[in-house]
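Residue-level structure breakdown
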Amino acid sequence: MDKEPQVIAWFQDVTQKDIPLVGGKGANLGEMTRTGIPVPPGFVVTAEAYHYFLERSRLRGKIGRLLKKADPNDSAELQDVSNQIKGLIIQAPMPATIAKKIEEAYHLLGNGLVAVRSSATAEDLPEASFAGQQRTYLNVEGDKNVVSSVQACWASLFEPRAIFYRHQQGLDHLKIGIAVPVQRMIQSEVSGVMFTAEPVSNDPSKILIEAVYGLGEAIVSGEVTPDLYVVDREKMEIVDKKLGKQEWQLVRNPLSWGWQPEPNLKVLIFPPHQLRQKLSDEDILELARMGIEIERHYDYPQDIEWAKERGQIYIVQTRPVTTIKPLRLAEEAPELEGTLLLSGVAASPGLAAGPVKIARKAAEIDKVMAGDILVAEMTTPDFVPAMKRAVAIVTDKGGRTAHAAIVSRELGIPCVVGTERATESLEDGQVVTVDGFRGKVYQDRIIPEEAIAVPEVIVSDRRIRTRTKVYVNLAEPELAETVAQRDVDGVGLLRAEFIIAHIGEHPRHMLKENRGQQFIDKLAQGLTIFAKAFHPRPVVYRTTDFKTNEYRNLKGGEEFEELEENPMLGYRGCSRYIQERDAFRLEIEAIKKVREQYENLWVMIPFVRTPEELATTKQILEEEGLRQTPKFKLWMMVEVPSNILLIDEFLDVGIDGISIGSNDLTQLILGLDRDNQKLAGEFDERNEAVLMALERAVRTSSQRGVTSSICGQAPSVYPELTEQLVRWGITSVSVSPDMIDKTRLVVYEAEQRTATPSRLRQMVRSMSWAERGSRT
């Protein structure tokens, strides 16, 4: 790396497209800052600075040689190699240019106490949730100490747990970068975590919040059992509370200095306060509303860390919920009868039996063998190798968002947390049965072997087939392969925005610099990930629908985009393609390039105002070589009221399908801004006027022999609306990944209730003999 690196990136200048530079955590902090979420201010020491440090220090070769000889499955050897690598990094001199820029940024932030966190460039992407692999340093003060803490974060990229994880994932240790966010420290009176989809049952209608007194590290580590609040997101009501007894809290250690690893003190809580509700009802609902806003921004359920200081709630970080898996219901598991030993919090569903192995600290994890029940006071990331060998996990402390709970759900094994006395009342070698559905531990093996593994994918295990196809809405390439394994018929809405945000440059800016082919190649690369993962199932790609304010944020965008008073109703969608055919041609060429290998990629045109616009856009596609065939379908988004009023005229243009964008359609029919908090209660796709529009679109399309779908949030939020759409004859619904199985079941039951005798016979004929037997 010969050129000088970009060392500092301020939160307000960072977006998702900057993940390679600032890591997932840094990008999320930037995204939230730019959208107005209350985030403590700060900056990121970039991954470029880290790689520059490795090159200047000539450490890359030494680290590679040490890693090559390490056996990741030998805990002792792994610890030894880790210590050697961390020593090399910490002892190497920091390049003066990097140190100077970090110190200058710290002074610009206003000095004072800061948190110095790690943000690996492969972390916080939705493929695994082994969070906490790298170090965080709190209450750091002084420019030299900040520099030292950054260097210590770099060293923590080679903690044993991080090396083990990368080995398991097949990641190149030396290609992974690490950025370091430096953020003003929040001295929280109350803090915690929030899941915008209930993480155990995966219920998207419920928001789960956990809260503790003091700093939030205690809740993530599982050292205390937090308050648990559950909010119904539709009614915005608190539907459940469980108050945890908290005997102590973490506070800043006033004697700590620099980047010493123990910056906090445990302070006893006065007994009358130990069982008090930590967060007021008003604050709980305010937090829930913030969570919904953040989830809407990322279009995926979020795992959010928050803190309250002097009456103000701050969001400290957010990342995708990586444990959204098909539901496994307690009703599917047999009710166990036996000697009950312990009760706690049901943290990860499932049933398992085996011998107990108690690990009181990470140094004892080698005693846990395949098939054992891991019992610990709590788990940390250092326990992960043992957790992967265990068939179930039981802990004394923690709640549903503790480390043990999150990792167990990721691994798909039963987990019971917060039992208070598992390490004291159980013994090594004792055989027990763990019921992760109900949070109970029983004496002996009391379930038959065949009942231990409860089917994970309820719907697909029953192989329910539906006439109405169930598609999924996707945008993040990192999710494609995982979601493609689900019982889903294809992608009903593939949004370009995240791919183009990763490209990071305005297409016309790239054209001006004669780099149009580079845009084509990068867009094609992103689209190929989805087409390949779902092949031969269809992937319906919605061509770019950036608004002018979003385009301006791309590199070079200000030269080509005017400031608009109302970008939502401005220069976007179909109108843009017609006036900027040169830029649209880049997108078309990318689509054609993907279709050379994967013909399952289709096209959907968004925000079409008139039939004439649709006809012109269709003509452009044909002239550029994209003509409709049995293997290439052209759809139109129905999201403008004119699409409903003139539905026949739009269909006359000659399209293969429509997909209702219920988000835009609802706000334009009701004349309200769906992002306006004061009007949020009025935004409802079940409004009579909206329902009339949906019915007209679906029924008219059906009569004309054109397929119909819906890809807004409505089917994911309102299953009863999905049932109504099925009755009207919709041919597919496209939902968020967490709603695939629930929607399949809703669709199936709706079809059963509305099926005519001839249709029932047709459905039976399409089923295999095995499937028929399973439903009798």
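Summary of the structure given here. (Residues numbered from 1 in each chain as written. Predicted model: local features only at pLDDT ≥ 70, side-chain atom pairs only at ≥ 80, totals over all residues. Heavy atoms only, no water.)

**Let's talk about the overall build of the chain**
The helix and strand inventory of the chain stands at 32 helices and 30 strands. For the chain, contacts bridging at least 24 residues in sequence account for 68% of all contacts bridging at least 6. As displayed, the chain has an accessible area near 31,700 Å², and 49% of this comes from carbon and sulfur atoms. (Helix = DSSP H or I, 4+ residues; strand = E, 2+ residues; numbered from the N terminus. Contact = heavy atoms within 4.5 Å. Areas by Shrake-Rupley, 256 points an atom, 1.4 Å probe, with all protein chains shown as cover.)

**Focus on the pairing of strand β25 (residues 539–542)**
What you see with β25 is no split at all: Val-539 and Tyr-541 on one side and Val-540 and Arg-542 on the other are buried throughout. Across three bridges, strand β24 (residues 491–495) lies against β25 in parallel orientation. Counterpart to Leu-494 in the pairing with β25 is Tyr-541. Relative to strand β26 (residues 601–605), β25 runs parallel, the two sharing four bridges. The residue of β26 that forms the bridge with Val-539 is Leu-601. (Buried < 20%, exposed > 50% of the residue type's maximum accessible area, 1.4 Å probe, protein only. Pairing = 2+ DSSP bridges.)

**Considerations on the sheet that holds strand β9 (residues 227–232)**
Strand order across the open sheet formed by six strands is β10-β9-β8-β7-β13-β14, with antiparallel pairing between neighbours. On the outer flanks of this sheet lie β10 (237–242) and β14 (312–320), each paired with one strand and no other. The average angle at which neighbouring strand axes cross in this sheet is 20°, direction not considered. The pairing of strand β7 (residues 190–195) with strand β13 (residues 302–309) spans six bridges and is antiparallel. From the neighbouring strand, Gly-192 faces β13, where its bridge partner is Trp-306. (Axes fitted to C-alpha atoms, helices over the stretch in contact; angles between N-to-C directions.)

**Remarks on the packing of helix α5 (residues 96–109) against helix α6 (residues 143–155)**
Their axes nearest at 9 Å, the elements α5 and α6 cross at an angle of 120°. In terms of orientation, α5 lies oblique with respect to α6. With respect to the hand of their crossing, α5 and α6 are arranged in right-handed fashion. Facing α5, whose interface residues are Ile-98, Ala-99, Ile-102, Glu-103, Tyr-106 and His-107, α6 presents Asp-143, Lys-144, Val-146, Val-147, Val-150 and Trp-154. Of the residues in the contact of α5 with α6, the class split is eight nonpolar, one polar and three charged. (Parallel < 35°, antiparallel > 145°, perpendicular 65-115°, else oblique. Left-handed = near helix turned anticlockwise from the far one by under 90°. Nonpolar A, V, L, I, M, F, W, Y, C, P; charged D, E, K, R; others polar.)

**What to know about the packing of helix α26 (residues 662–670) against helix α27 (residues 688–703)**
Between α26 and α27, whose axes approach to 9 Å, the crossing angle comes to 125°. Compared by their axis directions, α26 and α27 come out oblique. Like other packed secondary-structure pairs, α26 and α27 cross with a definite hand, here right-handed. In this structure, α26 uses Leu-665, Thr-666, Ile-669 and Leu-670 to contact α27, whose residues at the interface are Ala-689, Val-690, Ala-693 and Leu-694. Its residues assigned to classes, the contact of α26 with α27 shows seven nonpolar, one polar and no charged.

**Observations concerning helix α18 (residues 516–534)**
The first and last C-alpha atoms of α18 sit 28 Å apart over 19 residues, in line with the 27 Å expected at 1.5 Å per residue. At Leu-527, α18 is bent by approximately 25°, the largest bend along its length. Three or more residues of α18 are buried, namely Gly-516, Phe-519, Ile-520, Leu-523, Ala-524, Gly-526, Leu-527, Phe-530, Ala-531 and Phe-534. (Expected span 1.5 Å × (residues − 1). Bend = angle between axes of the 7 residues up to and from the residue.)

**Points about the environment of Lys-532**
Position of Lys-532 among the secondary structure elements: in helix α18. Sequence separation between Lys-532 and Asn-600 is 68 residues; the distance between their C-alpha atoms is 8.8 Å.

**What about the pattern of salt bridges?**
Evaluated as defined, the whole model comprises 38 salt bridges. Residues Asp-428 and Lys-367 are paired through a salt bridge, measuring 2.9 Å at the closest nitrogen-oxygen approach. In this pair, Asp-428 is assigned in the loop between α12 (422–425) and β21 (431–435) and Lys-367 in the loop between β17 (351–358) and β18 (373–376), connecting sequence segments 61 residues apart. The exposure class assigned to Lys-367 is partly exposed, which follows from its relative accessible area of 30%. In this structure, a network of salt bridges that share partners links the residues Arg-508, Glu-561, Arg-576 and Glu-580. (Salt bridge = Lys/Arg side-chain N within 4 Å of Asp/Glu carboxyl O.)

**Some words on the packing of aromatic side chains**
All chains considered together, the criterion is met by six aromatic pairs. Taken together, the aromatic side chains of Tyr-50, Phe-53 and Trp-154 make up a single cluster linked through ring pairs. Sitting above the plane of the Tyr-314 ring, Arg-184 keeps its charged end 5.9 Å from the centroid. Lying over the aromatic face of Phe-607, Arg-572 brings its terminal NZ or CZ to 3.7 Å of the ring centre. (Phe/Tyr/Trp six-rings, centres within 6.5 Å; stacked < 30°, edge-to-face > 60°. Lys NZ or Arg CZ within 6 Å of the ring centre and 35° of its normal.)

**Remarks on α27**
Its 16 residues place the ends of α27 22 Å apart at the C-alpha level, agreeing with the 22 Å of an ideal helix rising 1.5 Å per residue. Turning to α27, its buried residues are Val-690, Ala-693, Leu-694, Ala-697, Val-698, Thr-700 and Ser-701. For α27, the elements touching its buried residues are α24 (641–645), α25 (647–652), β28 (657–660), α26, β29 (707–710) and α29 (719–728). Just downstream of α27, Gly-705 is the residue with a positive phi angle, here 75°.

**Quick word on the sheet that holds strand β16 (residues 345–348)**
Each strand in a sheet pairs with another by means of backbone hydrogen bonds, the pair being arranged parallel or else antiparallel. Read across the sheet, eight strands follow the order β15-β22-β21-β17-β18-β19-β20-β16 without closing on themselves; strand pairing throughout is mixed. Where the open sheet ends on each side, the last strands, each with one partner, are β15 (340–343) and β16. Within the sheet, the average angular offset between the axes of one strand and its neighbour, ignoring direction, is 30°. As paired elements, β18 and strand β19 (residues 392–395) share four bridges and run parallel to each other. Within β19, the position partnered with Ala-376 by the bridge is Thr-395.

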